[in-house]
Each structure stands twice: as C-alpha cells, then as structure tokens.
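# Notes for the structure review
Listed below are the residues making up each chain.
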Amino acid sequence: MRKLLATLLLLLVAAAATGQEIAPAQGLVNDRAGVIDAPTRAKLTALLTELQQKTGVEIAVLTVDTTAPLDDFTYAMRVADQWKIGKRGEDSGLLVLVVAGDRKIRVQTGYGLEGILPDGLVGNIQDREMLPEFRAGRMGEGIWRGVAAYAQHIAQSRGIELTGLPAPRAVPAQPEIPLWVILLVVLLVF
C-alpha cells in the first residue's frame, strides 16, 4: 500500500513539473502578457465577435510572457484542446498565440480552416502584417493587423463582409521593364 501511495505521489509531482497550467479563456482576447492596449483589444473583440456570429469561425488570441517549460507548439496544442476553440464537429477554430518574452508567434488552425488558411498563407500574413509592427515595438498593432488579415480571408471564403477591417497593407508595385529594353537585351545576347 505504501509503495502504491508513493508511486501515485511521484506521478502527481512529475505531472505537475512537466506541464504548465493553462488558465481558462476570458473571452476571445486573452492578453496575459499585457501587450495589447484597451482600444486595440476592443477592436479585436468586436471583429472576432462579428466573425463568429457571421461565419461560425472562432479566433482566439492569447498573449503570454513565456510557455516554459513547454515549447510553443505543445503549449498552443494544450490551449486549443482545453479551450475547445471553434464549432464542435467542424474544427473551425484558430488560435493566435504570441509569446512576448520568447519573441514567438504560433498560429494553430483547426482542420476545418486548413483549406482557407494553409500554412504558407499563415506565414505570409505573419511576415507581412505582424512582424514589421512587432519589430517597431507595436505588438498590439501587429496582433490586430494579423488577426484582421486572417479574419478577412475567412470572411471572403464564406462570402461575408466584415465591418471595421483595416485597409490592406500596400504591396509595392514591381517596376515594369519597357519592351524595348527586353528586345535590346535579347538582340545583344544573339
């Protein structure tokens, strides 16, 4: 009996040491790192509520200082499992995890959104919308721009229009090479 109790106690201590407690969600925007200002939080909440009402897709935002002792992927998976993000049976949830202290972003898409938000597009949005703002010290704005871009893609795929979205970031136009320059290069090669 003593061995059994000792073994159970050891297992409980080991489980507590290897896992980080995941606090329950407090709405769609959970800023535990304190990087989102109040107006941005209000915009995010309004946009995410509208997206959920019009499409059934749920996006949850979570900021933390660190995920230690877990890596960001494992932590994000535990959050997604515990919070049950998205519609049951459709797996239409998206978790945007920003680990401020470790300088990491992890976006977990449910299987129901993988066709709309494939990994390449998710990474492109991070690179184009989020990272420039993070580098400039505007984490809240970066989160807003990234989440708004994800929401826009989801809404477009469902034929829905969302209000309050920011204007897309202008992509610099590629300079057009005049036709005569191309012909001149071709003639010089021959």
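Above this text is the structure in question.
The rules behind the values
Residues numbered from 1 in each chain as written. Predicted model: local features only at pLDDT ≥ 70, side-chain atom pairs only at ≥ 80, totals over all residues. Heavy atoms only, no water. Helix = DSSP H or I, 4+ residues; strand = E, 2+ residues; numbered from the N terminus. Contact = heavy atoms within 4.5 Å. Areas by Shrake-Rupley, 256 points an atom, 1.4 Å probe, with all protein chains shown as cover. Bend = angle between axes of the 7 residues up to and from the residue. Buried < 20%, exposed > 50% of the residue type's maximum accessible area, 1.4 Å probe, protein only. Pairing = 2+ DSSP bridges. Axes fitted to C-alpha atoms, helices over the stretch in contact; angles between N-to-C directions.

Let us now look at the overall build of the chain. Assigned secondary structure in the chain consists of 6 helices and 4 strands. Each helix and strand of the chain, ordered N terminal to C terminal, gives the series α-β-α-β-α-β-β-α-α-α. For the chain, the share of sequence-separated contacts (at least 6 apart) that also reach a separation of at least 24 residues comes to 64%. Accessible surface for the chain amounts to roughly 11500 Å². Of this, 60% is attributable to carbon and sulfur atoms.

Along its length, helix α4 (residues 119-135) reaches its greatest deviation from straightness, about 35 degrees, at Asp127. Along α4, the positions that sit buried rather than exposed are Val122, Ile125, Gln126, Glu129, Met130, Glu133 and Phe134. The secondary structure elements touched by the buried residues of α4 are β3 (93-99), β4 (104-109) and α5 (139-157).

Another point: the sheet that holds strand β2 (residues 58-64). Taking strand neighbours across the sheet as the criterion, the 4 strands line up as β1-β2-β3-β4 in an open arrangement whose pairing is mixed. Of all strands in the sheet, those with a lone pairing partner are β1 (29-31) and β4, marking the two edges. Neighbouring strand axes in the sheet, compared pairwise and without regard to direction, differ in orientation by 10 degrees on average. Alignment of β3 against β4, held across 6 bridges, turns out to be antiparallel. Looking across to β4, one finds that Leu97 is bridged to Arg106.

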